[in-house]
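# Fold and contact review
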Amino acid sequence: MKAILALEDGRLFEGRAFGASGTTTGEICFNTSMTGYQEVITDPSYRGQIVAMTYPQIGNYGINPEDAESAGPHVRGFVIGELSPVASNWRSRMSLPDYFTEHGVVGIEHVDTRALTKHLRSRGAMRACLTTELDSEAAIKTALASPSMEGMDYVHEVSTEKGYEWLDDSRRFALPNASANQLETYLELPPVRHRIVAFDFGIKWNILRRLRQAGFEVDVVNSRASAESVLAKNPDGIFLSNGPGDPAALGYIHEEIKKLIGKKPVFGICLGNQILGHVFGGTTYKLKFGHRGGNQPVKDLRSGRISITAQNHGFAVDPDSLPSNVEVTHLNLNDDTVEGIRHKEMPVFSVQYHPEAAPGPHDASYFFEEFAALIDQTK
């Protein structure tokens, strides 16, 4: 079946549909990861977006439930160069087209994703329509009529309705290695060291897994949870998760988080970093085409260490808007945007990228231990 990807500026890409049929709209963006398409598809931070993968072949290892980052897909549509005709992996449970058909996601292949990416890097992220039903002119009009990402609150769509304690299997997978006396498939979890509350703004499951692997017992609360209800749980620390949309549109969240600063140690990732920027009195702005992929170089200004990081965000904290008692701790080496901040007087810090790295490199996984150490220091 033929499919059309129409951008709001009139640029058209034709290809072949896979998965569900129909019409969808969203902000078109690109991801440079070479693996991890399932994690991308199920990441709640992609709510409201059509994602193009720059890696040329997608679908080659299928879909399996263990690698999901949430209960289902969050992308509005999916754009790839070539769909693998075979899903070849012993962990695979179904093919990517079957998964999209089951969940109603429209996909398109045979798109020149290099040309699309170059266009977005030049013109910036924009609204788009992906359709198997409309002609080119109608698809462009539909893209133009769709909402912009700026000013959008998608957090309320992806946050859990009810709070819960994270009890899912969080053991780290490991291939048995007899020479290292590692005979089990999964590594044992450490004992619980700290109890924390995690705000779910669109939290990825691997963040919860990594928190548990670092010795945290995690109580997850809705994005609309009040500061009073969180403090009533008397946690050792508070975690602010990743999530979709415009951080400036979350004033109701900013107000509650303000009430928690100085009361408990706080650690934020991605949207959590941007929220803290607003809580401290700063502002955020929209990036031209965002940072999405597993190959972003970030410098820790405290140590000089450079890490290759996994990222997924379209907004950034404006460093000039931050007060003097907040310091920028990390910078993106591609464009010098803020990748981490820390309060100089209170136990609060955050990073813009994803230290849990699902998918992506593991250079930055030490932040979970830093959070545990910060709690130890304040007890």
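Preceding this paragraph is the structure being described.
First things first, this report covers the structure right here in the doc. (Residues numbered from 1 in each chain as written. Predicted model: local features only at pLDDT ≥ 70, side-chain atom pairs only at ≥ 80, totals over all residues. Heavy atoms only, no water.)

## Description of the side chain of asparagine 31
Examined against the element boundaries, asparagine 31 turns out to sit in strand β3 (residues 23-31). Here the side chain of asparagine 31 touches serine 33 through a polar contact of 2.7 Å, landing on its backbone nitrogen. Only 2.8 Å separates the side chain of asparagine 31 from the side chain of tyrosine 46, close enough to count as a polar contact. Discounting chain neighbours no more than four positions away, the residues touching asparagine 31 are Val40, Tyr46, Val51, Ala52, Met53, Thr54, Arg292 and Gly293. (Helix = DSSP H or I, 4+ residues; strand = E, 2+ residues; numbered from the N terminus. Polar contact = N/O pair within 3.5 Å; in protein donor to acceptor, adjacent residues only side chain to side chain. Contact = heavy atoms within 4.5 Å.)

## A short note on the pairing of β3
With 7 of 9 residues buried, β3 is to be regarded as a mostly interior element. Alignment of β3 against strand β9 (residues 126-131), held across 6 bridges, turns out to be antiparallel. Bridge pairing in β9 links threonine 25 to cysteine 129. Relative to strand β4 (residues 49-53), β3 runs parallel, the two sharing 5 bridges. Bridge pairing in β4 links isoleucine 28 to isoleucine 50. (Buried < 20%, exposed > 50% of the residue type's maximum accessible area, 1.4 Å probe, protein only. Pairing = 2+ DSSP bridges.)

## Comments concerning the sheet that holds strand β19 (residues 348-351)
Read across the open sheet, the 10 strands follow the order β10-β12-β11-β13-β14-β19-β18-β17-β15-β16; overall the sheet is mixed. The open sheet has two free edges, formed respectively by β10 (164-165) and β16 (306-317), since each of these has just one partner strand. As paired elements, strand β11 (residues 194-200) and strand β13 (residues 237-240) share 4 bridges and run parallel to each other. What sits directly across from valine 197, in β13, is isoleucine 238. Running at roughly 120 degrees to strand β14 (residues 266-269), helix α9 (residues 271-279) makes contact with β13, β14, β15 (284-300), β16, β18 (338-343) and β19 of the sheet. Relative to the sheet, helix α10 (residues 367-378) contacts β11, β12 (216-222), β13, β14, β17 (326-332) and β19, its axis offset from that of β19 by approximately 175 degrees. (Axes fitted to C-alpha atoms, helices over the stretch in contact; angles between N-to-C directions.)

## Brief notes about the pairing of β9
Of all 6 residues that make up β9, 6 are buried, and the element is covered over most of its length. Inspection of the sheet shows strand β1 (residues 2-7) paired to β9 by 4 bridges, in the antiparallel sense. The residue bridging isoleucine 4 from the neighbouring strand is threonine 131, located in β9.

## Thoughts on helix α6 (residues 205-213)
With 8 of 9 residues buried, α6 is to be regarded as a mostly interior element. Buried within α6 are the following residues: Asn206, Ile207, Leu208, Arg209, Arg210, Leu211, Arg212 and Gln213. Elements that come into contact with the buried residues of α6 comprise β10, β11, β12, β13, β14 and α10. Count one or two residues on from α6 and you reach glycine 215, which has phi positive near 95 degrees.

## Re the environment of glutamate 356
Residue position: glutamate 356 is located in the loop between β19 and α10. The spatial distance from the C-alpha of glutamate 356 to the C-alpha of asparagine 206 is 6.4 Å, given a sequence separation of 150 residues. Among residues more than four places away in sequence, those in contact with glutamate 356 are Lys204, Asn206, Ile207, Arg210, Ile269 and Phe368. A distance of 2.9 Å separates a polar atom in the side chain of glutamate 356 from a polar atom in the side chain of histidine 354.

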